[in-house]
Amino acid sequence: MTIEEFKSYLENANVEISNADFDKIHTVYQFHPVTKTRLDVAKLFDMGGMILINDMYSRAKAIGRAEREMLAAKRMYEELNEKYMELKRA
């Protein structure tokens, strides 16, 4: 999603959004459990602006970090399991 795409969902499409703010908006969109669609995050922005997005950002960021850590752990498990299975076959 780009800034312009996001703005097309807003009630006031003329609002200025910095790149830094958009990065936070996008993180909330991707990871916060209450945002399922672009329209969801746009409605939240319309209701509370960056104050609301900033409140949601820390949880979204933590969820994103946890997801990355879980994927890394899963990859590591799969690699170790593959090595283990090779050793058992040998």
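See above for the structure.
Residues numbered from 1 in each chain as written. Predicted model: local features only at pLDDT ≥ 70, side-chain atom pairs only at ≥ 80, totals over all residues. Heavy atoms only, no water.

Scanning all chains against the criterion turns up 2 aromatic pairs. Of note, lysine 24 hangs over the ring of tyrosine 57, and the distance from its end group to the ring centre comes to 5.5 Å. (Phe/Tyr/Trp six-rings, centres within 6.5 Å; stacked < 30°, edge-to-face > 60°. Lys NZ or Arg CZ within 6 Å of the ring centre and 35° of its normal.)

Quick look at the nonpolar core now. Grouped together as the largest cluster of nonpolar side chains are 17 residues, with contacts concentrated most on Phe6, Ile17, Ile25, Phe45 and Ile53. Only helix H1 (3–7), helix H2 (19–31) and helix H3 (38–89) provide two or more residues apiece to this core. Ranked by residues supplied to this core, first place goes to H3 with 8 residues. Residues contacting phenylalanine 45, with those up to four places away along its chain left out, are Phe6, Leu10, Val15, Ile17, Ile25, Met50 and Ile53. (Core = buried A, V, L, I, M, F, W, Y, C linked by side-chain atoms within 4.5 Å. Buried < 20%, exposed > 50% of the residue type's maximum accessible area, 1.4 Å probe, protein only. Helix = DSSP H or I, 4+ residues; strand = E, 2+ residues; numbered from the N terminus. Contact = heavy atoms within 4.5 Å.)

Before going further, it helps to spend a moment on the side chain of threonine 35. Checked against the element boundaries, threonine 35 lands in the loop between H2 and H3. Of note is the side chain of threonine 35, whose polar atom sits 2.8 Å from the backbone oxygen of valine 28. Within the local environment of threonine 35, its side chain forms a polar contact with the backbone oxygen of tyrosine 29, the two atoms lying 3.3 Å apart. In contact with threonine 35, not counting residues within four places along its chain, are Val28, Tyr29, Asp40, Val41, Leu44 and Met56. (Polar contact = N/O pair within 3.5 Å; in protein donor to acceptor, adjacent residues only side chain to side chain.)

This part takes up the environment of asparagine 54. Take asparagine 54: it is sitting in helix H3. In this structure asparagine 54 comes out as partly exposed when scored by relative accessible area, which is 34%. For asparagine 54 and isoleucine 25, which are 29 residues apart along the polypeptide, the C-alpha to C-alpha distance reads 8.4 Å. At 3.2 Å, the side chain of asparagine 54 and the side chain of lysine 24 are in polar contact.

These figures capture arrangement, not role.
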